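Observations on the three-dimensional arrangement
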Amino acid sequence: MSYRLAIFDFDGTLADSFPFFISVFNQIADELGFRRIAAEEAQQLRHHDTRTIMRHVGIPAWKLPLASRSFIGLMRENAARIPLFEGIGEVLHTLDREGVRLAIVSSNSEQNVRLVLGPRLSALFGHYECGMSMFGKAGRIRKVVKRAAVPAAHALYVGDQALDADAARRAGVAFGAVSWGYAPIEALRRVAPDREFGTPQELLHIVSPGANPSRTPPV
């Protein structure tokens, strides 16, 4: 089916911020007293869910908002270093022209999102819900769907982590997994996404009924 409302995660979905995240991770770890990781270790951890990663590096849940705040601040200072994935801008313009309503739900700040997107792309999004805990996206997705006045069955949340899939399901909308983000697509297939996008250009299938069915292997 096609979707009338496409809600996007930001980091790892629209913005290629994983290299920057890795570059500042150990700085934040030193500030907040959790374990440093090596670059090759970070690549291995991408295959695990967020709670497993938190246990691995020894960060308690109460420190997560502090770590998020530090990352958001560093990203704000270095926004010019954060690129969008290749082709994302053109895809967003095309979706907008095709009448798909666009929104963002991200644990990053709205300021950072707008800085990285730039004015022209920022203007394409009718709704921004930003700055929540990464575990608090479901309520924000429901809020966007209600404000957009679109039936939940016609809304899709596009993200790159298992937490995004969980948030979409709890909000009552479909989940579209991207293959280019923080979590590898093999890990995302374990949560059975409704749609799977192998390249940014495949996001155009959001408006094509019957196109790009989920590549999740049959059980």
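Okay, so let's go over this structure. Predicted model, so just to flag it, every value in this text is computed and none were measured.

Analysis parameters
- Residues numbered from 1 in each chain as written.
- Predicted model: local features only at pLDDT ≥ 70, side-chain atom pairs only at ≥ 80, totals over all residues.
- Heavy atoms only, no water.
- Axes fitted to C-alpha atoms, helices over the stretch in contact; angles between N-to-C directions.
- Helix = DSSP H or I, 4+ residues; strand = E, 2+ residues; numbered from the N terminus.
- Parallel < 35°, antiparallel > 145°, perpendicular 65-115°, else oblique.
- Left-handed = near helix turned anticlockwise from the far one by under 90°.
- Contact = heavy atoms within 4.5 Å.
- Nonpolar A, V, L, I, M, F, W, Y, C, P; charged D, E, K, R; others polar.
- Core = buried A, V, L, I, M, F, W, Y, C linked by side-chain atoms within 4.5 Å.
- Buried < 20%, exposed > 50% of the residue type's maximum accessible area, 1.4 Å probe, protein only.
- Phe/Tyr/Trp six-rings, centres within 6.5 Å; stacked < 30°, edge-to-face > 60°.
- Lys NZ or Arg CZ within 6 Å of the ring centre and 35° of its normal.
- Expected span 1.5 Å × (residues − 1).
- Bend = angle between axes of the 7 residues up to and from the residue.
- Salt bridge = Lys/Arg side-chain N within 4 Å of Asp/Glu carboxyl O.

1. Remarks on the packing of helix 4 (residues 64-77) against helix 6 (residues 110-117)
As a packed pair, helix 4 and helix 6 sit with axes 10 Å apart at the nearest point and diverge in direction by 30°. What the angle tells us is that helix 4 and helix 6 run roughly parallel. The hand of the helix 4/helix 6 crossing is left-handed. Seen from helix 4, the contacting residues are Ile 72, Met 75 and Arg 76; seen from helix 6, they are Gln 111, Asn 112, Leu 115 and Val 116. Here the residues of the contact of helix 4 with helix 6 are counted per class, giving four nonpolar, two polar and one charged.

2. Some remarks on the nonpolar core
When a protein is soluble and globular, its nonpolar side chains tend to lie buried together. Core analysis: the largest hydrophobic core is formed by 52 residues, its most contacted members being Phe 8, Phe 125 and Ile 206. Counting residues per element, this core draws most heavily on helix 1 (residues 18-32), at seven residues. What Ile 206 contacts, discounting residues up to four positions off in sequence, is Met 1, Ser 2, Tyr 3, Ala 6, Phe 8, Leu 95, Val 100, Leu 156, Val 158, Arg 195 and Phe 197. Ranked by size, the runner-up nonpolar core spans 23 residues in total, among them Leu 5, Val 150, Ile 185 and Leu 188.

3. Side note on helix 5 (residues 88-97)
Of the positions making up helix 5, those classed as buried are Ile 88, Gly 89, Val 91, Leu 92, Thr 94 and Leu 95. For helix 5, the elements touching its buried residues are strand 1 (5-8), strand 2 (101-106), helix 7 (119-122) and strand 3 (125-130). One or two steps after helix 5, the chain reaches Gly 99, where phi turns positive at roughly 90°.

4. Structural notes on the environment of Gly 176
If you trace the backbone, Gly 176 turns up in strand 5 (residues 174-178). Beyond its immediate stretch of four places on either side in the chain, Gly 176 contacts Leu 156, Tyr 157, Val 158, Gly 159, Arg 195 and Phe 197.

5. Describing the packing of aromatic side chains
Evaluation of the coordinates by the stated rule reveals 10 aromatic pairs. Judged by centre distance (5.9 Å) and plane angle (40°), the ring pair of Phe 21 and Tyr 182 falls under tilted. Remark: Tyr 182 occurs in the loop between strand 5 and helix 10 (185-189) and Phe 21 occurs in helix 1; sequence separation between them is 161 residues. For Tyr 182, a relative accessible area of 13% puts it in the buried group. Each residue in the set Phe 18, Phe 20, Phe 21, Phe 25, Phe 34, Phe 71 and Tyr 182 is aromatic and connected to the rest through ring pairs, giving one cluster. Sitting over the ring of Tyr 128, Arg 114 keeps its end group 4.1 Å from the ring centre.

6. Things to note about helix 1
Counted at 1.5 Å a residue, the expected span for helix 1 with its 15 residues is 21 Å, and the 20 Å between its end C-alpha atoms agrees. At Val 24, helix 1 shows its largest bend, some 40°. Here helix 1 has its buried residues at Phe 18, Phe 20, Val 24, Phe 25, Asn 26, Ile 28, Ala 29 and Leu 32. The inward-facing, buried residues of helix 1 contact helix 2 (39-45), helix 3 (50-57) and helix 4.

7. Focus on the pattern of salt bridges
Two side chains carrying opposite charge are able to pair once their charged atoms lie near each other. Taken as a whole and judged by the stated rule, the model has 11 salt bridges. Salt-bridge contacts for Arg 140 lead to Glu 129; the nearest nitrogen and oxygen are separated by 3.1 Å. Taken together, the residues span a long stretch of sequence, with Arg 140 in helix 8 (residues 137-148) and Glu 129 in strand 3 at a distance of 11 residues. Arg 140 gets classed as partly exposed once you look at its relative accessible area, which sits at 26%. Where Glu 196 meets Arg 189, a salt bridge forms, and the shortest distance between an N and an O atom there is 2.8 Å. Classification of Glu 196 as buried rests on a relative accessible area of 1%. Under the relative-accessibility criterion, Arg 189 is labelled partly exposed at 29%. One network of salt bridges, in which partners are shared, links Glu 129, Arg 140, Lys 143 and Arg 147.

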